Amino acid sequence: MSRLVVISNRLPIGDASSGGLVVALHDALEKRGGCWIGAYPEAGSDTGKFEDVEGSHYRKLAFRLTQNEVENYYLGFANSVLWPLCHRRVDRVSMTPSYWPGYKAVNQRLAKMIAAEIRSDDLIWVHDYHFFPLARELRKLGAHNRIGFFLHVPFPVLSDLSILPEPETFAANIAHYDLIGLQTRGDVARCLEMFRADYRSELLSDGSIKFGDRITTVRSFPIGIDVAAFRTEAQCDESNPFGSSGAPEKFAVGVDRLDYTKGLPNRFKAFGRYLELCDSENRPCLIQIAPPTRQEVSAYQEVTDELQGLTGKINGQFAELDWTPIRFINRSVPRPKLARLYRLSHCGLVTSLADGMNLVAKEFVAAQDGEDPGVLVLSRFAGAAEDMTDALLVNPYDIDETARAIHAAFTMPLGERRERHAKCLEVVERTDASHWSESFVNILKSRISMLEPWEMTA
Ligand code: ADQ
């Protein structure tokens, strides 16, 4: 059996990230053998070689980004250009001349290190927007392997691609992957639209793309979670997230990295609006857990400041001596506590303005007690909404609509809650993490290039 080589920006080290993605890739690597390549979290000096990280049955190979690479490739091109571009926020793009060369240089450096490690029959699976050009760099070094790519964030809108330096290289780069995996059918449609608009590419009768002498397949693989493990954690009542103070009588929960794409200011405003509209006698709370990320990027600092202002304003308006409507916690919470928190809550709030999938939506559903479930309020702009149509879908830009959905979630009759939850759970189970990784690897290795019928007409 050919080995699997996984490449992601960050190498999961220790047990810090036991999310579904990591578990799914662990399982795939355990099954096939191979290695996982990624960067250490801390910057250092470039030794030109990978370091073996002990502690797994398969190899983990780490490299260090230099401080200059962190600034130009990671915080710069990846997170100040590509992240906002993919999330339809070109207004948030900030570019300096050193970002693009810095991004290309990291992809070239990594390709050289990978080329020295791989065998000719290895399957290579590259993750996310940090590595759009990696396959092309590997091909230049003579790699003929099957190389797949999975984009965790939304596929960019065609017209926004013009914001990139050398925009014509974007399609040419990703065409070097044999398989391009995207989260949703909407993402596939946007990717095909880009290829269709490009005079250099041809859509073949089986739905794959011919670009120069390369043929690539584009498909959706909606990512999921390890449902059984998450459910077990949620059911374990040893981890009481509220300690001796007890849970609020009615509360909604939000769990996100503190990112401007997650629609947190709109969520806080909608909760404030809900407090204005509803009878707040039973003192509902919003518990928002949002650890800061990428604070070196100014857009992240701005949204943090905005949220602190909104929390102060809304709490100032509504709080009582014994009631704080918004509890805004700027820290990460251990997974078992998080799972328990979802289970105890009456409403899960996901209000992203754009989101590849959003695993919190799936975790919330998996954590519920099917006999007495909480209700998921889900943004139409999260990838999860494409299949989880029985959540309360909202337009997060519409503050009143979101406020009404929070009210509907808190007051929904038990029968309707059960019915909606069962339908959402069916989606979460059908698209779990192992199904995601297995189907991607199977298609990558089997050279299947047929698109689904709906993709042919997209
Ligand atoms: P993210 O943008 O990080 O992922 P998401 O899918 O919601 O978003 O995953 C976040 C994960 O981190 C979840 O497992 C969640 O439980 C955990 N998490 C978030 N906040 C936490 C906190 N405060 N404490 C502890 N854990 C926390 C990107 C894309 C998504 C896509 C995923 C996977 O942006 O759209 O779903 O990759 O492909």
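These numbers were taken from a predicted model, which means no experiment stands behind them.

**Quick look at the site of the ligand**
The ligand sits among 23 residues. The nearest are His152, Arg257, Asp355, Leu359 and Glu363. One of the backbone N or O atoms of Val333 is found 3.0 Å from a nitrogen atom in the ligand. Protein coverage of the free-state accessible area of the ligand, which is 710 Å², stands at 86%. At the level of secondary structure, the elements contributing two or more residues to the shell around the ligand comprise helix H10 (335-344) and helix H11 (359-367). Across the shell around the ligand, the residue classes break down as 11 nonpolar, 5 polar and 7 charged. For the shell around the ligand, the domains that each give at least three residues are domain 1 (4-224 + 433-446) and domain 2 (227-430).

**Some thoughts on the sheet that holds strand S16 (residues 392-394)**
Spatially, 6 strands are ordered S13-S12-S11-S14-S15-S16 in an open sheet, and the strand pairing comes out parallel. Looking along the sheet, the strands with just one partner apiece sit at the ends: strand S13 (326-329) and S16. Neighbour to neighbour, the strand axes of the sheet diverge by 20° on average, direction disregarded. Of the strand pairs in this sheet, strand S12 (residues 285-289) and S13 are connected by 4 bridges, and their pairing is parallel. Each residue of the ladder has a partner; that of Gln288, found in S13, is Phe328. Sitting on the sheet, H11 is in contact with strand S11 (251-255), strand S14 (347-350) and strand S15 (375-379), with an inclination near 170° to S15.

**Looking at the domain arrangement of the chain**
Segmenting the chain into domains produces domain 1 (4-224 + 433-446) and domain 2 (227-430). In this structure, domain 1 and domain 2 have C-alpha centres spaced 30 Å apart. Taken together, the 24 residues of domain 1 in the interface contact 23 residues of domain 2. Between Arg92 and Glu302 there is a salt bridge, with the nearest N and O atoms lying 2.8 Å from each other. On inspection of domain 1 and its partner domain 2, the count reaches 9 residue pairs in polar contact (both at pLDDT 80 or more). Within the residue set of the side of domain 1 that touches domain 2, elements represented by two or more residues are helix H2 (67-86) and helix H6 (185-196). Tallied by class, the residues present in the side of domain 1 that touches domain 2 amount to 9 nonpolar, 11 polar and 4 charged.

**Side note on the pattern of salt bridges**
In the structure shown here, the tally under the stated rule is 32 salt bridges. Across the salt bridge formed by Arg146 and Asp178, the nearest N and O atoms sit 3.5 Å from each other. Of this pair, Arg146 sits in strand S6 (residues 146-150) while Asp178 sits in the loop between helix H5 (168-174) and strand S7 (179-182), and the two are 32 residues apart along the sequence. Look at Arg146 and you get buried, because its relative accessible area is 16%. Asp198 is paired through a salt bridge with Arg200; the nearest N and O atoms lie 2.8 Å apart. Taken together, the shared-partner salt bridges in this structure form one network comprising Arg139, Arg146, Asp178 and Arg214.

**Examining the nonpolar core**
In this structure, Ile7, Ile37, Phe132, Leu134, Tyr177, Phe195 and Leu378 are the most contacted members of the largest nonpolar core, which totals 156 residues. For this core, the leading source of residues is H2, giving 11 residues. No fewer than three residues from each of domain 1 (4-224 + 433-446) and domain 2 (227-430) sit in this core. In this structure Ile7 touches Ile37, Leu110, Ile114, Ile124, Trp125, Val126, His127, Phe131 and Leu134, once residues within four positions along its chain are discounted.

**Topic: the pairing of S7**
Two faces, one strand: in a regular strand the side chains alternate between the faces of the sheet. Where burial is concerned, the two faces of S7 agree: the one with Leu179 and Gly181 and the one with Ile180 and Leu182 are both buried. Sheet topology places S6 next to S7; 3 bridges connect them, and they run parallel. Paired with Gly148 across the bridge in S7 is Leu179. For the handedness criterion, the β-α-β arrangement of S6, H5 and S7 is classed as right-handed. In terms of strand pairing, S7 meets strand S10 (residues 214-220) through 4 bridges, oriented parallel. When the bridges of S10 are listed, Ile180 appears paired with Val218.

**Concerning the packing of H11 against helix H13 (residues 414-430)**
Viewed as axis vectors pointing N to C, H11 and H13 meet at an angle of 120°, and their least axial separation amounts to 9 Å. One way to sum up the angle between H11 and H13 is to call them oblique. In this structure, H11 crosses over H13, and the sense of that crossing is left-handed. Residues Lys362, Val365 and Ala366 of H11 lie in contact with H13, whose contacting residues are His421, Cys424, Leu425 and Val428.

**Section: the side chain of Arg294**
Position of Arg294 among the secondary structure elements: in the loop between S12 and helix H9 (298-318). At a separation of 3.3 Å, a polar atom in the side chain of Arg294 contacts the side chain of Asn79. Separated by 3.4 Å, the side chains of Arg294 and Tyr129 make a polar contact. Beyond its immediate stretch of four places on either side in the chain, Arg294 contacts Tyr74, Asn79, Trp83, Tyr129, Arg257, Asp259 and Tyr300.

**Here's the deal with the environment of Ala24**
Inspection of the secondary structure puts Ala24 in helix H1 (residues 20-32). On the basis of relative accessibility, which here comes to 2%, the residue Ala24 falls in the buried class. Excluding its chain neighbours within four sequence positions, the residues that come into contact with Ala24 are Ala433, Ser434, Trp436 and Ser437.

**Section: the side chain of Gln368**
Counting through the fold element by element, Gln368 comes out in the loop between H11 and S15. Overall, the relative accessible area of 5% leaves Gln368 in the buried class. At 2.8 Å, the side chain of Gln368 forms a polar contact with the backbone nitrogen of Gly374. Sequence-distant contacts of Gln368, defined by excluding residues within four places in its chain, comprise Tyr342, Arg343, Ser345, Pro373, Gly374 and His421.

**With respect to the environment of Val153**
Following the sequence through the fold, Val153 ends up in the loop between S6 and H5. A sequence separation of 24 residues divides Val153 from Tyr129, and the C-alpha atoms of the two residues are 7.8 Å apart. Apart from residues no more than four positions distant in its own chain, Val153 is found in contact with Trp83, Cys86, His87, Asp128, Tyr129 and Gly356.

Conventions and cut-offs
Residues numbered from 1 in each chain as written. Predicted model: local features only at pLDDT ≥ 70, side-chain atom pairs only at ≥ 80, totals over all residues. Heavy atoms only, no water. Near = heavy atom within 4 Å. Polar contact = N/O pair within 3.5 Å; in protein donor to acceptor, adjacent residues only side chain to side chain. Areas by Shrake-Rupley, 256 points an atom, 1.4 Å probe, with all protein chains shown as cover. Helix = DSSP H or I, 4+ residues; strand = E, 2+ residues; numbered from the N terminus. Nonpolar A, V, L, I, M, F, W, Y, C, P; charged D, E, K, R; others polar. Domains from an automatic or database assignment. Pairing = 2+ DSSP bridges. Axes fitted to C-alpha atoms, helices over the stretch in contact; angles between N-to-C directions. Contact = heavy atoms within 4.5 Å. Salt bridge = Lys/Arg side-chain N within 4 Å of Asp/Glu carboxyl O. Buried < 20%, exposed > 50% of the residue type's maximum accessible area, 1.4 Å probe, protein only. Core = buried A, V, L, I, M, F, W, Y, C linked by side-chain atoms within 4.5 Å. Right-handed = clockwise from strand over helix to strand, strands pointing away. Parallel < 35°, antiparallel > 145°, perpendicular 65-115°, else oblique. Left-handed = near helix turned anticlockwise from the far one by under 90°.

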